[in-house]
Amino acid sequence: MQNISSFTKQLYLFLTACSGNWRNSIYIKCQNEKDAPGYLLAADRDGQPVILGVQQFYQLTGVWIDPAECYGQLTEAGFESLYAQYLLWRCPTLEGHPLRQLCEADMDTAP
């Protein structure tokens, strides 16, 4: 599990990407992860996806996300289709869960 500092940096990147309001993000519903409530997607100033787990958001802010209040919703398959080429570069090994991999990679590279 990542440390709090990494989560805080990821939260900062996410909130910057969605102009400080999680409602400006897209909710991604996970298909196979029963214990994961989903992910939030925003795009940074370069158009790169910024992913944050709903559970992580809740742990850091105490705010529970209502998917209906997000700007839009995607399925996990829809995200993978939309970002197929991006995922080839960022997650070349298809082992594991792409959304979790992106979320963890963003935390590792957060400034």
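In this text, all values refer to a predicted model and were calculated from it rather than measured experimentally.

What counts, and where the lines are drawn
- Residues numbered from 1 in each chain as written.
- Predicted model: local features only at pLDDT ≥ 70, side-chain atom pairs only at ≥ 80, totals over all residues.
- Heavy atoms only, no water.
- Helix = DSSP H or I, 4+ residues; strand = E, 2+ residues; numbered from the N terminus.
- Buried < 20%, exposed > 50% of the residue type's maximum accessible area, 1.4 Å probe, protein only.
- Contact = heavy atoms within 4.5 Å.
- Phe/Tyr/Trp six-rings, centres within 6.5 Å; stacked < 30°, edge-to-face > 60°.
- Disulfide = S-S within 2.5 Å.

What follows concerns the side chain of Glu76. Mapping Glu76 onto the fold places it in helix α3 (residues 76–82). Here Glu76 falls in the buried class, since its relative accessible area comes to 6%. Setting aside residues up to four positions removed in sequence, Glu76 forms contacts with Ile28, Lys29, Cys30, Gln31, Asn32, His97 and Leu99.

Before going further, it helps to spend a moment on the packing of aromatic side chains. The full count for this structure, using the stated rule, is four aromatic pairs. On the numbers, 5.1 Å between centres and 80 degrees between planes, the contact of Tyr58 with Trp64 is edge-to-face. Looking at Trp64, the relative accessible area reads 46%, which means it is partly exposed. Ring plane angle 70 degrees and centroid distance 6.1 Å describe the contact between Tyr83 and Tyr86, whose orientation is recorded as edge-to-face. Both residues of the pair, Tyr83 and Tyr86, count as buried. Joined through ring pairs, the aromatic side chains of Phe79, Tyr83 and Tyr86 make up one cluster.

Before going further, it helps to examine the state of the cysteines. Scanning the model with the defined rule gives zero disulfides in all. Free cysteine: Cys70, not disulfide-bonded; nearest cysteine sulfur from Cys18 at 9.3 Å. Take Cys70: its relative accessible area is 9%, and that puts it in the buried class.

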